[in-house]
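So the chains spell out like this:
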Amino acid sequence: MPTQKIKRGLRKARLIAYRETSHDPIDNLWAFVGSFFRIEYHWIDAECLYAIENLDALFLIGAFGASAVLLFGMTNSPTSQPSKLIFGSLISAFIGVSAYKQFSSTEYIWISPALAVSLSILAMQYTKTLQPLGGAIALIANIGSEEVRQMDYFYVINPVLTGILTLFLASVLINNLSKNRLYPYWDVNIRELSYWDKIQFWKRR
């Protein structure tokens, strides 16, 4: 009898683990396509700017890799929705730059990266815009290349705002091509919506 119970328990555990880790291959393909073309677009822009004007295109920062995970791999997640994505990123960028400016010319420069991330988390919590991309954006403002750190508050506009807005627009256009996806997400029967209905997210109630 104990052996049978153990076997039943193992079967249940295996079934639960399978359900939690199984994925729809088509849905995974959409995540791949969306993230690939979005990041590739940023990379091509960077290469073109460097070739034409010999300028480093700073709007391709590592944090956008994390945003691609959220926007194309976790479209239903609360942290992927526009208000948190956009405002959380801007708040964190502003705090990151401010922390660096405050300590860059002092002997306490070592504290600015940790303080920038921690204050960003706190600010996002109070403004209900908490999302993981914000921590990376605040950190990059402090430990990024010399060019990034010299951008001052322009860093908030470019690369952060311009990059986030283009990623958001791409996620709306690409994710909603799938019959099983809806971005920005809200609780509705997705299959009853046309593509045009999906991308007009500002008309939702």
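Residues numbered from 1 in each chain as written. Predicted model: local features only at pLDDT ≥ 70, side-chain atom pairs only at ≥ 80, totals over all residues. Heavy atoms only, no water.

### Quick look at the overall build of the protein
Turning to step 1, where the next piece is worked out: If you tally the helices and strands in the protein, you get 9 helices and 0 strands.
Turning to step 2, where the next piece is worked out: Within the span of the protein, comprising 205 residues, buried residues form 37% of the whole.
Turning to step 3, where the next piece is worked out: Sequence-distant contacts, at least 24 apart, represent 62% of the contacts inside the protein between residues at least 6 apart.
Turning to step 4, where the next piece is worked out: Here the protein has roughly 12500 Å² of accessible surface; of this, 65% comes from carbon and sulfur atoms. (Helix = DSSP H or I, 4+ residues; strand = E, 2+ residues; numbered from the N terminus. Buried < 20%, exposed > 50% of the residue type's maximum accessible area, 1.4 Å probe, protein only. Contact = heavy atoms within 4.5 Å. Areas by Shrake-Rupley, 256 points an atom, 1.4 Å probe, with all protein chains shown as cover.)

### A short note on the side chain of Gln131
Turning to step 1, where the next piece is worked out: Residue position: Gln131 is located in the loop between helix H5 (112-127) and helix H6 (132-143).
Turning to step 2, where the next piece is worked out: A polar contact of 3.2 Å, which involves the side chain of Gln131, links it to the backbone oxygen of Lys84.
Turning to step 3, where the next piece is worked out: Residues contacting Gln131, with those up to four places away along its chain left out, are Leu70, Thr79, Lys84, Leu85, Gly88, Ser89 and Met124. (Polar contact = N/O pair within 3.5 Å; in protein donor to acceptor, adjacent residues only side chain to side chain.)

### Re helix H8 (residues 154-175)
Turning to step 1, where the next piece is worked out: With 22 residues, H8 should reach 32 Å at 1.5 Å per residue; the first-to-last C-alpha distance of 30 Å fits that figure.
Turning to step 2, where the next piece is worked out: Taking the largest bend as the criterion, H8 deviates by roughly 30°, centred on Leu161. (Expected span 1.5 Å × (residues − 1). Bend = angle between axes of the 7 residues up to and from the residue.)

### Section: the confidence of the model for the protein
Turning to step 1, where the next piece is worked out: Across the protein, pLDDT averages 79, with 70% of residues at or above 70.
Turning to step 2, where the next piece is worked out: When the criterion is pLDDT under 50, residues 15-22 qualifies, and its contacts beyond four places in sequence or with other chains add up to 0 contacts. (pLDDT = per-residue confidence, 0-100.)

### So, empty space enclosed by the protein
Turning to step 1, where the next piece is worked out: Counted according to the given criterion, the structure contains 1 cavity of 30 Å³ or more.
Turning to step 2, where the next piece is worked out: The space that makes up the largest cavity amounts to roughly 50 Å³.
Turning to step 3, where the next piece is worked out: Residue lining of the largest cavity: Val97, Tyr100, Lys101, Ala141, Val148, Arg149, Asp152 and Tyr155, and that is the complete set.
Turning to step 4, where the next piece is worked out: Only helix H4 (82-103) and helix H7 (146-150) provide two or more residues apiece to the lining of the largest cavity.
Turning to step 5, where the next piece is worked out: No other element matches H4, which puts 3 residues into the lining of the largest cavity. (1 Å grid on protein atoms, 1.4 Å probe; cavity = no way out; pocket = protein on both sides within 12 Å on 5 of 7 lines; lining within 4 Å. Points joined across faces, edges and corners; volume = space filled by probe spheres on them.)

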